[in-house]
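Residues per chain, in single letters:
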Amino acid sequence: MNEIRNIIFDLGGIFINIDFDRSRQAFEALGISNFQEMFTQHHASNLFQLLERGELSSTQFHERLVKETGLSLSYNNVVAAWNALLLDFPPERLEWLDQVRRKYRVFLFSNTNQIHYDAFTAGFTAMTGRSFNDYFEKAYYSHEMGLRKPDPESFRFILKEQDLKPEETLFVDDTIKNIEAAQSVGLHTFHVMPPLTVLDIKLDAL
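This write-up is about the structure you can find in this document. The structure displayed is predicted, hence computed values, not measured ones.

Our focus in this paragraph is helix α9 (residues 152-162). Those residues of α9 that fall on the buried side of the exposure criterion are Ser 154, Phe 155, Ile 158, Leu 159 and Gln 162. All buried residues of α9 project into a common sector of 135° when viewed along the axis, lining one side. Where α9 begins, the side chain of Asp 151 points an oxygen toward the backbone nitrogen of Glu 153, at a separation of 2.9 Å. Positive phi shows up at Asp 163, right after α9, with a value of about 55°.

Below, the structure is given as structure tokens:
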């Protein structure tokens, strides 16, 4: 892949560790027994898709969740349960990213939402004293774009805005549906599947 000039990275499972089961357990503790039908790494119900496209505010999401479940859930408890899946940023991955950005144009594209965004950006800055977004030429978040993976149009939007050629661009993600969507628009891909991490992308092979 000697033609690679640009890299678009996912966030969860790539730079920040994620444990979806922690949020499942937290929501089940609040009484939502079918949470796994609502959201997993590979599936999002309409409610969560609306949140991740920014079509619902955090408070509207809370109100809709209460209505759909019929449970009396406080806003703070919902936020805490939803953020439970967010873990740590391994320092070695950030050091690796610092090396990569010296040689390539690097971008971020994450399916996320305002609740998670507020939590992980604040946590990252508290830990490092830096802004996570500063690692990238531009960070794209689904709730700001109004588009989410695996919609092929989301990739086309980034390619067009940044004037990137698909054949010169690598996309890195840990979810196969997103990898397949990226391939459908001509991007090179690297699927991070455990036990692989982003560190297994060999810079000298790009």
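Moving on, we come to the nonpolar core. For soluble globular proteins, nonpolar side chains are generally found buried alongside one another. The biggest cluster of nonpolar side chains holds 49 residues, and the ones touching the most others in it are Phe 9, Phe 15 and Phe 132. The contact partners of Phe 15, leaving out residues within four places of it in the chain, are Phe 9, Asp 10, Asp 88, Phe 89, Pro 90, Arg 93, Trp 96, Leu 97, Leu 108, Phe 132, Phe 136 and Val 198. In terms of nonpolar packing, the next biggest core, distinct from the first, is built from 16 residues, Tyr 140, Met 145, Phe 171 and Ile 179 among them.

This part is about the side chain of Ser 142. Positionally, Ser 142 belongs in helix α8 (residues 142-145). A polar contact of 2.6 Å, which involves the side chain of Ser 142, links it to the backbone oxygen of Glu 52. Of note is the side chain of Ser 142, whose polar atom sits 2.9 Å from the backbone nitrogen of Thr 112. Each residue touching Ser 142, except ones within four places of it in the same chain, is listed here: Glu 52, Arg 53, Ser 110, Asn 111, Thr 112, Leu 147 and Arg 148.

Structurally, the position occupied by Ala 122 is in helix α7 (residues 114-128). What makes Ala 122 partly exposed here is its relative accessible area of 46%. Remark: the alpha-carbon pair of Ala 122 and Phe 132, spanning 10 residues in sequence, is separated by 9.3 Å.

Another point: the packing of aromatic side chains. Applying the stated criterion to the full structure yields 25 aromatic pairs. Geometrically, the ring pair formed by Phe 61 and Trp 82 is tilted, given 6.4 Å between the ring centres and 35° between the ring planes. Pair noted here: Phe 61 is in helix α4 (residues 58-69) and Trp 82 is in helix α5 (residues 75-83), with a separation of 21 residues, a long-range link. Exposure remark for Trp 82: the relative accessible area of 0% places this residue in the buried category. Ring centres of Tyr 117 and Phe 120 lie 5.6 Å apart, and the angle between their planes is 75°; on these two criteria the pair is classed as edge-to-face. Within this pair, Tyr 117 and its partner Phe 120 are both found in helix α7, separated by three residues, close to a single helical turn. In this structure, Tyr 117 and Phe 120 share a single accessibility class: buried. Chaining the aromatic ring pairs together yields one cluster made of Phe 9, Phe 15, Phe 89, Trp 96, Tyr 117, Phe 120, Phe 124, Phe 132, Tyr 135, Phe 136 and Tyr 141. Sitting above the plane of the Phe 109 ring, Lys 149 keeps its charged end 5.1 Å from the centroid.

Here is what the cut-offs are and how they apply
Residues numbered from 1 in each chain as written. Predicted model: local features only at pLDDT ≥ 70, side-chain atom pairs only at ≥ 80, totals over all residues. Heavy atoms only, no water. Buried < 20%, exposed > 50% of the residue type's maximum accessible area, 1.4 Å probe, protein only. Helix = DSSP H or I, 4+ residues; strand = E, 2+ residues; numbered from the N terminus. Arc of directions from axis to C-beta. Polar contact = N/O pair within 3.5 Å; in protein donor to acceptor, adjacent residues only side chain to side chain. Core = buried A, V, L, I, M, F, W, Y, C linked by side-chain atoms within 4.5 Å. Contact = heavy atoms within 4.5 Å. Phe/Tyr/Trp six-rings, centres within 6.5 Å; stacked < 30°, edge-to-face > 60°. Lys NZ or Arg CZ within 6 Å of the ring centre and 35° of its normal.

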